[in-house]
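# Summary of structural features
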Amino acid sequence: MALMAGARVLARNLLRPWSRLPDAVPGRTGPAAGGGDGVRCFGSPRLLVETDPAKGVAVIKLKNPPVNSLSLEVLTEFVISLEKLENDKTFRGVILTSDCPGIFSAGLDLTEMCGKSQAHYAEYWRAVQELWLRLYLSNLVLIAAINGVSPAGGCLISLTCDYRVLADNPKYTMGLNETLLGIVAPSWFKDTLVNTVGHRVAERALQLGLLFAPAEALRVGMVDQVVPEDQVHSAALSAMAQWLAVPDHARQLTKNLMRKATADRLVKQRDADVQYFLQFISRDSIQKSLRVYLDKLRQKKG
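Below is a short write-up of the structure. All values reported here derive from a predicted model rather than from experimental measurement.

### Some details on the overall build of the protein
Looking only at helices and strands, the protein has eleven helices and twelve strands in total. By the burial criterion, 52% of the 302 residues in the protein qualify as buried. When contacts within the protein are restricted to residue pairs at least 6 apart in sequence, those whose partners lie at least 24 apart make up 70%. Accessible surface, the protein as shown: approximately 13,900 Å² in total, 56% of it carbon and sulfur.

Structure follows, in structure tokens:
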């Protein structure tokens, strides 16, 4: 209950135009990292949004250390921040990146799916669905500036974008590796990957839980560009300029034409998808696998 109440307070605060949250970076008109004059910032302890109204571009930075896991709070903040940018016609494009060195996002927060109540699992999964739908169907140009490792849900976030730039570091692997954790990628995760890399590459990658190094990710079409690590942001800005050169209405209608059928499959069965997730995540074998994996992570930290 406390978590839900906190999320509601967060939503009320974020929906106030360009509000400042507790511990957020205050709005400012001076230069910000990676930005120019007139950049303003808003956000929360887990998400930073730098906006440049002059360019019509915003940068959303995940900052939920140590691994930018997608907790319920992060999912909620992400959706509301994106909604704010979509409702402000000043902005036409968003760059998604990380504020945590070496980590784009490790994906879904496994602690949200282990040892909790059925009600919590349902709330969490609806939040995951909502973020995917918001990103996948956004009228904004979304470009992923992938500056760290990006497995599972972190990879999914990048796959929802219109264009992906990955840092050329062999440690920065990405992919939907859920099977290695003993769980199964949902059908809409699968669809997003198939639409990006094709059926055969996706089938092999999903069954084996493959994580692709930058060169291989580029070869199979998982990313569009691989650049030196210090050029990821500038490459994303260059790509953004190309996408923004296209009239918005034509680009948006084309994007919807390409993606709506995939999104509609989830929209039509959202409740059934939640129920399937509840049945799956509640299995003793799945809970045991998650506990074992989380224990291993705790031992590594220790």
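The structure having been displayed, the exposition proceeds.
### A few points about the sheet that holds strand β12 (residues 225–227)
Taken in spatial order, the seven strands make up an open sheet running β1-β2-β3-β5-β8-β10-β12, and their pairing is mixed. Each end of this open sheet is capped by a strand with a single partner; those strands are β1 (40–44) and β12. Between one strand and the next, the sheet's axes are offset by a mean angle of 20°, whatever the strand orientation. Note: strand β5 (residues 93–98) against strand β8 (residues 141–146), four bridges, orientation parallel.

### Notes on the packing of aromatic side chains
Evaluation of the coordinates by the stated rule reveals seven aromatic pairs. Note on Trp125 and Phe189: the rings are 6.3 Å apart at their centroids and 10° apart in plane angle, and the pair reads as stacked. In this pair, Trp125 is assigned in helix α3 (residues 118–136) and Phe189 in helix α5 (residues 187–197), connecting sequence segments 64 residues apart. Overall, the relative accessible area of 1% leaves Phe189 in the buried class. Three or more aromatic residues joined by ring pairs form one cluster here, namely Trp125, Trp132, Tyr136, Trp188, Phe189 and Phe277. When the ring centre of Tyr136 is taken as origin, the NZ or CZ atom of Arg259, which lies over that ring, is 4.5 Å away.

About the thresholds
Residues numbered from 1 in each chain as written. Predicted model: local features only at pLDDT ≥ 70, side-chain atom pairs only at ≥ 80, totals over all residues. Heavy atoms only, no water. Helix = DSSP H or I, 4+ residues; strand = E, 2+ residues; numbered from the N terminus. Buried < 20%, exposed > 50% of the residue type's maximum accessible area, 1.4 Å probe, protein only. Contact = heavy atoms within 4.5 Å. Areas by Shrake-Rupley, 256 points an atom, 1.4 Å probe, with all protein chains shown as cover. Pairing = 2+ DSSP bridges. Axes fitted to C-alpha atoms, helices over the stretch in contact; angles between N-to-C directions. Phe/Tyr/Trp six-rings, centres within 6.5 Å; stacked < 30°, edge-to-face > 60°. Lys NZ or Arg CZ within 6 Å of the ring centre and 35° of its normal.

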